[in-house]
Every structure is written in structure tokens, then in C-alpha cells.
Amino acid sequence: MSHPNPSSSSSTNTTTNINNKRSASAHFPAMKKAKSQAVASSLDNKNGLHHHQQPPHHHIHFDTDLDSSIEQDSNIAASSAVTANLSRKKATPPQPAKKLVIKLLKAKPTLPANFEENTWATLKSAISAIFLKQPDPCDLEKLYQAVNDLCLHKMGGSLYQRIEKECEAHISGALQSLVGQSEDLVVFLSLVEKCWQDFCDQMLMIRGIALYLDRTYVKQAPSMRSLWDMGLQLFRKHLSLAGEVEHKTVFGLLKMIESERLGEAVDRTLLNHLLKMFTALGIYSESFEKPFLERTSEFYAAEGVKYMQQSDVPDYLKHVEIRLHEEHERCVIYLDANTRKPLVATAERQLLERHISAILDKGFVMLMDGNRIEDLQRVYLLFSRVNAVESLRQALSSYIRKTGQGIVMDEEKDKDMVSCLLEFKASLDTIWEESFTKNEAFCNTIKDAFEHLINFRQNRPAELIAKFLDERLRAGNKGTSEEELEGTLDKVLVLFRFIQGKDVFEAFYKKDLAKRLLLGKTASIDAEKSMISKLKTECGSQFTNKLEGMFKDIELSKEINESFKQSSQARTKLPSGIEMSVHVLTTGYWPTYPPMDVRLPHELNLYQDIFKEFYLSKYSGRRLMWQNSLGHCVLKAEFPKGKKELAVSLFQTVVLMLFNDAQTLSFQDIKDSTSIEDKELRRTLQSLACGKVRVLQKLPKGREVEDDDSFEFNEGFTAPLYRIKVNAIQMKETVEENTSTTERVFQDRQYQVDAAIVRIMKTRKVLSHTLLITELFQQLKFPIKPADLKKRIESLIDREYLERDKNNPQIYNYLA
């Protein structure tokens, strides 16, 4: 509303009443008065008159009526005359002070009585047109203004209620129109989607028109919903009232998702829109998610049982993996994000968790036997999702023990035991790295299971591991590189770590190493020393002390031989045409060999006596004992078809040299001449007359050497090579020999047990039987039974190292 200004008072079309003290009055239009004053002001400025007279004080009052009253003093007429003559005067005399009072009185505007109704009628018409999708003649600007006017006149609350009522009527009608619609679920869902989309568009338009209401009235009332939320509340209310529509919509959504799970193509956009509708209405969790998860659980429960019966484990696991991926994808495309966790958990529970035992029982062994890396990785990853890794670990432990025991306990395949165990361990390591993602618990499981299975059969695996190393170190790097041989030694060392009876391994390894060193069968001294170094790192210097001593003896023997060849005895006394190399061994380092007598040719006896004289003169106080079973020679032989060199054992040499003086000899003649033990002689003759290289001929022919057999020099012998190795018939290690080695080990163990008991009791002085046994188990590095420990304690009591307490026989006292 504009305010009147005195300088433009003519616009008010009012009259000015001028009263003075002389009761003289004159009527002037306000326009003229204002104009004459303006002219006077202009002339004063033009003539350069600068008087500092205060302007009249105007008092302006604005009243509700539109009348104006102007009061002036009695000199107003004279003032007018002076004003008229200003143009002819050069100066204007000072004017008396004037007081001008202007009162503007205007009436307060009043709204028409039907203002609210008429304005609402306009808005209602527009809202109805929006819901009915009809054009509205009223433009949007007028509608905005109408809402603004109602809000300015404090009618926002009423307007809000009217809009709410109007929206409710239309929303209710729209939802009720869906009742009894198409039986085709997809068509019905499309209608629901159309209804929802229309509602969203309509509410957005209505909110746009009534935006001023939303931003003023609603914002100032905290308990009041925004127009959009009000619309959602109404839609939710009438959707629940139209129970058939809601139920049918949920049922249709569930059927569509189930059809998709069965492989049918569905309209994912439709699903997305409808599920977003449920989310926007705040009924997603209760109305849809709960029945959806129940149906999912039922669907996958039935499918899991069916597929487990029809499919093998790898195919079933692939199917589970695909299903879980599909459910995750559904959450991305049309389900609410919060549904992903319970949905995937439901699928995992029905497809995996319920079938853990069945999967392991039905397929784990098959996967392990087939070395199915990828499938085992899938098992591990899927089991990790349902916290079933522990079940998988236990299954692995059981599998290793069962399979490993089959390898260890099969006596018929002892020859291949170590190779099989190495292959088995290598496959497990690969599976651990690639399938079980190097899980530390699985690594420990493999170690524990291997330790159990390799000690399930006491002593024999330790013996076979020593023999396996003997084979590899004999063959050396023939056919394999040094790196591959080194790798094999490292792998065998892993098995060695699992052995509890390491002393058994040491006994057999030492025996085989001695043969390799003495017979020159080792192909690589570097590989031999590398293995000793590995054993030393693993078990300490005490374990390898004797083995290292054997190498020292070999090196020292080389020096002794060189010294012997340069000695005066060798130069003057040795028979011509013979060269001999001697290994001087320290008894404590080497295995114990049974003495085997043989009657050597004169030349060899003479050689031995000369060397003995040389050695004892250099090392007085020592005793030499010749080990004939370990000797080997190279003989030069002249056959009618050519000269040859024969690499043979000492026993073979003694037998062959008899034929320098005779063409044919009987078994008994040979036995009397050589004094070789019967069994060894038969084996030696068999190698010379019945093997691949037949230097002698046996009469009659046959594989076995009998007492009445005779032998003759084979004049027809021929061979393409000049130097020929005549292999001795390798006797299979008899039970007696194995038992002998094992007994020596057990004897050493007894000494260790006795020493441990004395050491403990010397420290403790008094100790109970239970505590003593416990400490012995902790200190001893080999397995032993409590009964055997008790025998050793009794033995020490008998030898008066210990005594029983008089009051308590379960307590032992140490006797200093």
C-alpha cells in the first residue's frame, strides 16, 4: 500500500481546508498550492538568495479515512501575494515562521467475505485437473499467488487441510480402481506401477503450486508433514485399506522373482519401480522383505536337497557360486541395498550351511585325490562365507592321516614309500598355497597329520628315508641338475623333520654313507657335504659329529696313501705290477662291520704287511684290522678274444686269481682255497658265472650255486667295452641285518635313557615316579613307552644308582 506525499498531493483528489486566525478562509486546490511553493523555491535559488530560514515543519498523519486537513496561520494570503510578485523582485524579505500540518487518513482494507472460498475454489479446480489429467484454464502464476495470499492472511492451516482432503479423495479412488483388475500378475503390476508413477507426478505438481505453503506454514509446524510426505502417508493408508491390491502386488513381485530364479526373463525395471514404491512408502521391510526372505528360504531349501542328490560336489558348488552371485546382482538392480545381507545369508544357509557334512563326505576325498585346485579353492571360499572352515580343516586332517597311513603301512610298497610321501606332501603344499590361500591353521594341520602318519609305523619310515637318500646320492646328478638334486634333498629333509626316531635314521644313513665313501659310489662329494650341513642345521652338531668324522677319515686316508707311496718301504719292498689304496678308518665314526675271513693271494698279503709296517711306524700304539668285505679291485684279464679290465670286489678278485693256475675248479676246491664264508662264496660265484658278465662258466648251468657244481674259465668271453664292471649280487637286506641295526639303535637309546635318569636325579636328589617320567618325556628326543622307562629305572636301582624311599615306594632317592 503506497503512502501519499505532500509534493504530489493532487493524486489524492482531496480538498485542502485553510483556516487562519482572522477567520478569513479561502479554498485552494492542493495542486496549485504545491505548484506556487515550488516556483517560489525555484526563483529564490535563481536570484542567488541564500537565507538560512528553517523550512516549515510539516506534521503528516496517516489515518484510515482518505480526507486531508491542512492548517496554516493567517498570513497565508499575504504569502500568496508575495509569491506572485517574486519574478519582479530581486530580494524577498524574511517571511514569518509557518507551521503546516498534513493529516492523511485512509481506511483499513478489508477482504471480501468470500475471499477464502473463491481462492480455494480456484486451487481445488487446479488440483482436480492435475489428478484427472485435464488442462486447467488458470495459469500457474495465479495459482502460486493464490496460495501466497491465503498464507499471508493466516489461512495456511485451513489450506493444508483442504489440500489433504482433496488428495485423499483422489488417491483413495485411484487405489480402489485397482481392485478386481487383471488376473495377469504382470499386467496388474504394470497398473500398480502406473498408478504410483501418476501419484508421484501429481504430488510433485501440487507441491510445486503450494511450495509457499510447504516453506512457511509447514516448516513452522514441526509436527506437520510436508505435502510430499502427506501424500505418501495417504497413499500408504489407502493401499493398506485396499488390502487386495497390496497383497496381490506383493504376490506378483514374489512370483516374478521366482520365475527369474527358474531361468525366465522378467521385467526388472518394473520390479525396480515397484520395490522403490514400497521403500518410499516405508512398508518395504514388513510388507515385502519378510515374505520375500521366507520364500527365498523355502526355494533354496528345496533346490539344495534336489541338487545335492542329482549333482556331484564340484557341479553343486559351481551352482551355489552362481546362485549367490545372482542374489547379489538382484540387490544391485532392483532390491533395496539393506536386503543384500539377509538375502545372501539365507541363500548361504540353505545351499551351504545345511549341506556342509554332505559336501565333505561326498566329494572332499575325490577332490583331494584328483588334485582339483580350482574346485578346492571354491570349497574353501564358500565354506569361509558360512564359518565352516574348521570343518574343512578337520576333513583335511582326516584325509591326510588316512591316505598317509595307507602309504606307510603298505609293506609291499616300501620301496616306493618315500617317493609317494614326497609326492603326497608336494600336492598338499600346492593345495595349501593355491586353494587354501596359505591359511596358517591349514599349514599346521598338514604338519601335525604328517607327523602322525610317518610315525604310525615306528622306525621303518626313518630307515627308508635314509635308503632313499642313499639312492639319490649314489645316482648323484646323473639325469638331473645340481639344483634339482638339491631340491630333492630339501624335500626329503621335510620328511626327516617329522620323524621321531631320528637315531634310527642316523644309524642307517651312516651305514649307507660308509659304503658310498669306501666303495667310491658317491657321485657328488658336494651333495654329500650339503646333506650333512642340512642335518647339522636341523639337529645340531652332536647328530652329525660321526658323519663329519667319516669325511675327515677319507681325506686323511688320501694323505696317508700319498705318504706311503713316497716312503722307502713302498719303493723297495712292494711287489711289482700291483697298486693298492688303503682307507684308514676311526672305529668310533664308522659302522661296525662283522669280520669276514679270506685267504688272500701272496701278493696281496705282502702288500698289506708292508702297509701295516709303514702305518704303525708312523702312528705307534694303534691297531689295524682289515675289513675284507669292503675291498674292491681292478683286474687285468687276457681272454682269447681280447684284453679286458674287470672292476670286481675283493672276494671276486680272490676267486678269479685261482684260475691263473687252473682251467676248471669245483665249488669245494674254491671254498678250500679261499676260506670265504659259504654264503658269501655262493653269492660271489653266482655274480661271476650267472650274471650279465659271465667271466666263468658254471657246470651244470643254472641260477643257483650247488655243492657239486664246477667252474671253468670262459675262453669265449667277449664285451664291447674295455673296462667292465662285474656287479656283485646284491643280497637283499635280511630281517636279521635290519634287526641287528635296530637293536644297536635301541641299545644306544638305553644308554641315553640311563644317562637322562641319572642327570635328572643328580639335580633333583628326590623325585616321584610320575614327575621323573614326565621330565624324561620332555628330554628324550625319541619315542619310548612308559613301561620301557620303568625297566630302565629298575635297572638303575639294581645297579645302586637310585633307591626307593622307605615310606613311599613311588619316590626315588639319588645315591651319590
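Thresholds applied
Residues numbered from 1 in each chain as written. Predicted model: local features only at pLDDT ≥ 70, side-chain atom pairs only at ≥ 80, totals over all residues. Heavy atoms only, no water. Helix = DSSP H or I, 4+ residues; strand = E, 2+ residues; numbered from the N terminus. Buried < 20%, exposed > 50% of the residue type's maximum accessible area, 1.4 Å probe, protein only. Contact = heavy atoms within 4.5 Å. Areas by Shrake-Rupley, 256 points an atom, 1.4 Å probe, with all protein chains shown as cover. Phe/Tyr/Trp six-rings, centres within 6.5 Å; stacked < 30°, edge-to-face > 60°. Axes fitted to C-alpha atoms, helices over the stretch in contact; angles between N-to-C directions. Parallel < 35°, antiparallel > 145°, perpendicular 65-115°, else oblique. Nonpolar A, V, L, I, M, F, W, Y, C, P; charged D, E, K, R; others polar. pLDDT = per-residue confidence, 0-100. Pairing = 2+ DSSP bridges. Arc of directions from axis to C-beta. Patch = residues over 30% accessible without salt bridge, like charges linked within 9 Å, V, L, I, M, F, W, Y side chains within 5 Å. Salt bridge = Lys/Arg side-chain N within 4 Å of Asp/Glu carboxyl O. Lys, Arg positive; Asp, Glu negative; His and termini not counted. Charge placed at Lys NZ, Arg CZ, Asp CG, Glu CD.

Draft legend 1. Expanded view of the overall build of the protein chain. From N to C terminus, the protein chain includes 31 helices and 14 strands. Scored against the burial criterion, the 816 residues of the protein chain give a buried share of 42%. Partitioning the intrachain contacts of the protein chain with sequence separation of at least 6 by distance along the chain shows that 72% fall at a separation of at least 24. Summed over its atoms, the accessible surface of the protein chain is roughly 45900 Å², and 51% of this surface lies on carbon and sulfur atoms.

Draft legend 2. Molecular detail of the packing of aromatic side chains. All told, the structure shown has 27 aromatic pairs when counted by the stated rule. When the ring of Trp 196 is compared with that of Phe 235, the centres are 5.3 Å apart and the planes differ by 80 degrees; the resulting orientation is edge-to-face. Pair noted here: Trp 196 is in helix α6 (residues 185–209) and Phe 235 is in helix α8 (residues 227–241), with a separation of 39 residues, a long-range link. For the pair Trp 196 and Phe 235, one class covers both residues: buried. Ring centres 6.3 Å apart and planes at 15 degrees place the aromatic pair Phe 611 and Tyr 615 in the stacked group. Taken together, the residues span about one helical turn, with Phe 611 and Tyr 615 both in helix α25 (residues 602–618) at a distance of four residues. According to the relative accessible area criterion, Phe 611 is buried, its value standing at 1%. Taken together through their ring pairs, the aromatic side chains of Phe 564, Tyr 607, Phe 611, Phe 614, Tyr 615, Tyr 619 and Trp 626 make up a single cluster.

Draft legend 3. Main features of the packing of α8 against helix α9 (residues 243–261). Axis separation between α8 and α9 bottoms out at 4 Å; the angle between their running directions is 90 degrees. Put simply, α8 runs roughly perpendicular to α9. Within the contact between the two elements, α8 uses Leu 239, Ser 240 and Leu 241 and α9 uses Gly 243, Val 245 and Glu 246. Here the contact of α8 with α9 is composed, by residue class, of three nonpolar, two polar and one charged.

Draft legend 4. Region of interest: the confidence of the model for the protein chain. Residues of the protein chain with pLDDT of at least 70 account for 84%, and the chain-wide mean is 80. Low pLDDT, under 50, characterises residues 1–91; the predicted model gives this stretch 108 contacts beyond four residues in sequence or across chains.

Draft legend 5. Summary view of the side chain of Glu 645. With respect to the helices, strands and loops of the structure, Glu 645 is situated in strand β7 (residues 642–649). Here Glu 645 falls in the buried class, since its relative accessible area comes to 13%. Here Glu 645 is in contact with Val 634, Leu 635, Lys 636, Tyr 722, Arg 723 and Ile 724, once residues within four sequence places are set aside.

Draft legend 6. Main features of the sheet that holds strand β14 (residues 811–814). In space, the three strands of this open sheet follow the order β12-β14-β13, with antiparallel pairing throughout. Only two strands of the sheet have a single neighbouring strand rather than two, namely β12 (766–768) and β13 (802–804). Strand-to-strand, the axes of this sheet are offset by a mean angle of 30 degrees, without reference to chain direction. The pairing of β12 with β14 spans three bridges and is antiparallel.

Draft legend 7. Molecular detail of the pairing of strand β6 (residues 632–639). Burial of β6 is one-sided: the residues Cys 633, Leu 635, Ala 637 and Phe 639 facing one way are buried, the residues His 632, Val 634, Lys 636 and Glu 638 facing the other way are not. Two strands pair when backbone bridges link them, and β6 and β7 are joined in this way by eight bridges, in the antiparallel orientation. Its bridge partner being in β7, Leu 635 is matched across the sheet by Leu 646. With antiparallel pairing between neighbouring strands as the criterion, β6 and β7 make up a hairpin whose turn holds two residues.

Draft legend 8. Expanded view of helix α30 (residues 769–779). Those residues of α30 that fall on the buried side of the exposure criterion are His 769, Leu 772, Ile 773, Glu 775 and Leu 776. The arc that holds the buried residues of α30, viewed along the axis, is 165 degrees, so those residues lie on one side. Opposite the packed face of α30, turned more than 90 degrees from it, sit the exposed residues Thr 770 and Gln 778.

Draft legend 9. Inspection of a negative patch on the surface at higher detail. A cluster of acidic residues, Glu 482, Glu 483, Glu 484 and Asp 526, forms a negative patch on the protein surface. At three residues, helix α20 (residues 482–498) tops the list of elements feeding residues into the negative patch. Here Glu 482 lies in helix α20. The exposure class of Glu 482 is exposed, given its relative accessible area of 56%.

Draft legend 10. Molecular detail of the pattern of salt bridges. Applying the stated rule across the entire model yields 43 salt bridges. Linking Arg 516 and Glu 528 is a salt bridge whose minimum nitrogen-to-oxygen distance equals 2.6 Å. On the criterion of sequence distance, the pair formed by Arg 516 in helix α21 (residues 502–518) and Glu 528 in helix α22 (residues 525–539) is long-range, its members being 12 residues apart. The exposure class assigned to Arg 516 is buried, which follows from its relative accessible area of 0%. The exposure class of Glu 528 is buried, given its relative accessible area of 0%. With a closest N to O distance of 3.0 Å, Glu 645 and Arg 723 form a salt bridge. In this pair, Glu 645 is assigned in strand β7 and Arg 723 in strand β11 (residues 723–725), connecting sequence segments 78 residues apart. One network of salt bridges, in which partners are shared, links Glu 260, Arg 261, Arg 268, Glu 327, Glu 329 and Arg 330.

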